[in-house]
Amino acid sequence: MASMQAAHTANPLIQIENLCKSYNLQGADGKTITNQVLFSINLTINPGEFVAIMGHSGSGKSTLMNILGCLDTPTSGSYWLAGKNVAALSGDELAHIRNQSIGFVFQGFNLLKRMTALDNVATPLLYAGIGRAQSRKRALELLRRTGLESFAMHQPNQLSGGQQQRVAISRALINEPPLILADEPTGNLDTQTSREIMLLFEQLNRDQGITIVLVTHEDDIAAYAKRLIRLKDGHIIVDKCNEASETVLNQAADGNSLITQ
Amino acid sequence: MNLFTIIGEALRALRQNRLRTGLTMLGMIIGVAAVVLMLSIGQGARTKINETIAAMGSNLFLVVPGATSSGGFSFGSGSVRTLTINDAYAIAELSSVSATAPVTTGTVQLNYAAKNWSTIITGTTPNYFTVGNWKMDSGAAFTESDLRSAARVVVLGSVTAKNLFGDEEPIGKTIRITNRPFVVVGVLMAKGQSLTGRDQDDTVLIPITTSERQITGNQFPGSIRYMLVQGTSASDMDIAEIEITQLLRQRHRIAKGKENDFTVRNLTAIADVATDTAKVMSIVLGAIASVSLLVGGIGIMNIMLVSVTERTREIGIRMAIGANQRAILTQFLLEAMMICIMGGVIGLIVGIGSAWVVSRVADMLIVITIGMVGLASLFSSAVGIFFGFYPAKKAASLKPVDALRYE
């Protein structure tokens, strides 16, 4: 399979070396307190991997996720994304990378209010400089693939949580990025919907070779990933293949595909 | 993201909060309307003054007799009758002077049929009509021969003619001035108010000789109330003034070092002052109105800052899906500019409309020029850019991670 081959190529998608992140806080006495969140993180993720990052709150997993997503910059260390040193890029170059190379899926869906599902999905294309008509056409195609075609003209508040998250996934996919970052994507969803969303990710990873990095604190959600990284107090304490993955997939292998190509 | 798309996004955002957009726009509407109204009133006043000045005649001097004083009391200019008709004729001979018109005045009662009317009578020479730039509505001015024979002929001002005759044709009719019959030979074209606000059309004119001998009488024969002097050219006005002064001093035998017993006033200079005053007035009116535009602009800035704070999360989402700083900046700047431009257009319409109402209700001359409309539009867009830039810059310089985390 394409994803398996990709996993063995020599060029990693993400390569992080000695990455540190600290925040300067103003203490009550007016002195600056430095709060280090990440300590010398080393991490390599190859194309086609499905990685779950786990940890308790305060472990630094969200900070790592923000840096991976080019939403935040590291204090020190290097971050190579698809062969580019991201740490050295300007704000606008980072915006371009977020637009072209990364798809975001958030816990709170983060759709733009009072905008139809269709326009929400099309917006990244508009920022990429593609015309509105063509953007909408491609957005509709993606909504069709995630089974939301009939909801295209609905606004987010008219959609269920699961539908909103699928709109968000469609939006993440529209520029065909090699990487999807999902930050607690099932945090606001019930068990059944969570399962559907995770199977969708699983399928994207398997069929299209999209690299997925998932942040969660739930073991049963992390179980869908093939690799598990556990953070504690800003250090990686576990980085292993996920045996549980196979079991979950076997349970899910009932043949009903959530993505119809 | 192309401009067309961003305009669409901006319109969508403005529609989402109609009441707020409307109220913010109201500040702009009032500001622009005020500027347009004030400028048009100011321009109207200037046009009116220019018309009055043009009607007054060009290169004019007013020569009035001097002041007299007795025991420390000054009786004001004209309190002695030092100027005479012959002074006027002598001045007319000067090379820098084209014509003079001596004037005596008085108040008289006029009668025609059952109607009577009280007005100011002007006794003068036929030159008065050319020097004072008077045009005839009907009939003709009295002539030099009327002057010599002290004929009982009269030229009516348009207001006087209307009051005495109504719709009837006055030419050839006989009216009574202090009970003496006079034949109406002409009616003047209306001029309107003078710079001092006097109605110049409520008057009657007769030959100065007739006036002196038969109407106002004169305790000092040959003396006049004032004279109008017309210089030959605008550039020689200073020379003319010196020549008039020298000639009068010589004729009045005023010793060196003594003060003049007359005053020469350059009416063109007075007109210039009036024009300048009107200009200053329109600038002041415009400036006051601009303050309301400024306040409207501050309102826009205020609302845009609130909007940026409220929509921090939206900004974060947009940045996460690939909006760069320029896209965010343009989006918010365009929102501010659209409030201003729409407000400006509505304000322009409201301003022109209220100028029209003012011109009708207050019977004022209101002038709206293309330049004014351009200025108001330019000003409102400039306000949009100026007051919209800071909030937009603030939105664009948010850090994506902070904006996304904002609750």
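Just so it is clear, the structure is predicted and the values come from calculations on it, not from any experiment.

S.K.: Give me the lowdown on the overall build of chain A, citing residues and values where you can.
M.R.: A count of helices and strands for chain A gives 9 helices and 10 strands. For chain A, with 261 residues in total, the buried portion stands at 52%. The long-range share in chain A, meaning contacts at least 24 apart out of those at least 6 apart in sequence, stands at 70%. When the accessible area of chain A is evaluated, it comes to approximately 11600 Å², of which 49% is carbon and sulfur surface.

S.K.: Could you give an account of the interface of chain A and chain B, naming the residues involved and the relevant values?
M.R.: Tallying the contact residues gives 24 residues for chain A and 23 residues for chain B. Here chain A packs against chain B, burying approximately 2200 Å² in sum over the two surfaces, 56% of which is carbon and sulfur. Taken together, the links from chain A to chain B amount to 3 salt bridges. R12 of chain B is the salt-bridge partner of D119 of chain A, the closest N and O atoms lying 3.8 Å from each other. Across the contact surface, chain A and chain B share 8 residue pairs in polar contact (both at pLDDT 80 or more). At the level of secondary structure, the elements contributing two or more residues to the side of chain A that touches chain B comprise helix 3 (91–100) and helix 4 (117–127) of chain A. Among the elements that line the side of chain A that touches chain B, the one with the most residues is helix 4 of chain A, at 5 residues. Residues that form the side of chain A that touches chain B fall into these classes: 11 nonpolar, 5 polar and 8 charged.

S.K.: So what about the pairing of strand 1 (residues 60–65) of chain B? Which residues, and what values?
M.R.: Residues and elements named next belong to chain B. Buried residues dominate strand 1, accounting for 6 of its 6 residues. Burial along strand 1 is two-sided: the face carrying L60, L62 and V64 and the face carrying F61, V63 and P65 are both buried. Here strand 1 pairs with strand 11 (residues 226–231) via 4 bridges, running antiparallel. Bridge pairing links L60 to Q230 in strand 11. One ladder, built from 5 bridges, connects strand 1 with strand 12 (residues 262–266); its direction is antiparallel.

S.K.: Quick one: what's the story with the packing of helix 6 (residues 161–173) of chain A against helix 7 (residues 191–208) of chain A, residue by residue and with numbers?
M.R.: Angle between the axes and distance between the axes: these two values describe a pair of packed helices. Residues and elements named next belong to chain A. The contact between helix 6 and helix 7 brings their axes to 10 Å, and the two run at 15 degrees. With respect to helix 7, the element helix 6 is oriented roughly parallel. Seen from above, helix 6 lies across helix 7 with right-handed handedness. In this structure, helix 6 uses G162, Q165, R166, I169 and L173 to contact helix 7, whose residues at the interface are T193, E196, I197, L200, F201 and L204. A breakdown of the residues in the contact of helix 6 with helix 7 according to their chemical character gives 6 nonpolar, 3 polar and 2 charged.

The rules behind each value
Residues numbered from 1 in each chain as written. Chains lettered and ligands numbered in written order. Predicted model: local features only at pLDDT ≥ 70, side-chain atom pairs only at ≥ 80, totals over all residues. Heavy atoms only, no water. Helix = DSSP H or I, 4+ residues; strand = E, 2+ residues; numbered from the N terminus. Buried < 20%, exposed > 50% of the residue type's maximum accessible area, 1.4 Å probe, protein only. Contact = heavy atoms within 4.5 Å. Areas by Shrake-Rupley, 256 points an atom, 1.4 Å probe, with all protein chains shown as cover. Buried area = accessible area lost by both parts, 1.4 Å probe. Salt bridge = Lys/Arg side-chain N within 4 Å of Asp/Glu carboxyl O. Polar contact = N/O pair within 3.5 Å; in protein donor to acceptor, adjacent residues only side chain to side chain. Nonpolar A, V, L, I, M, F, W, Y, C, P; charged D, E, K, R; others polar. Pairing = 2+ DSSP bridges. Axes fitted to C-alpha atoms, helices over the stretch in contact; angles between N-to-C directions. Parallel < 35°, antiparallel > 145°, perpendicular 65-115°, else oblique. Left-handed = near helix turned anticlockwise from the far one by under 90°.

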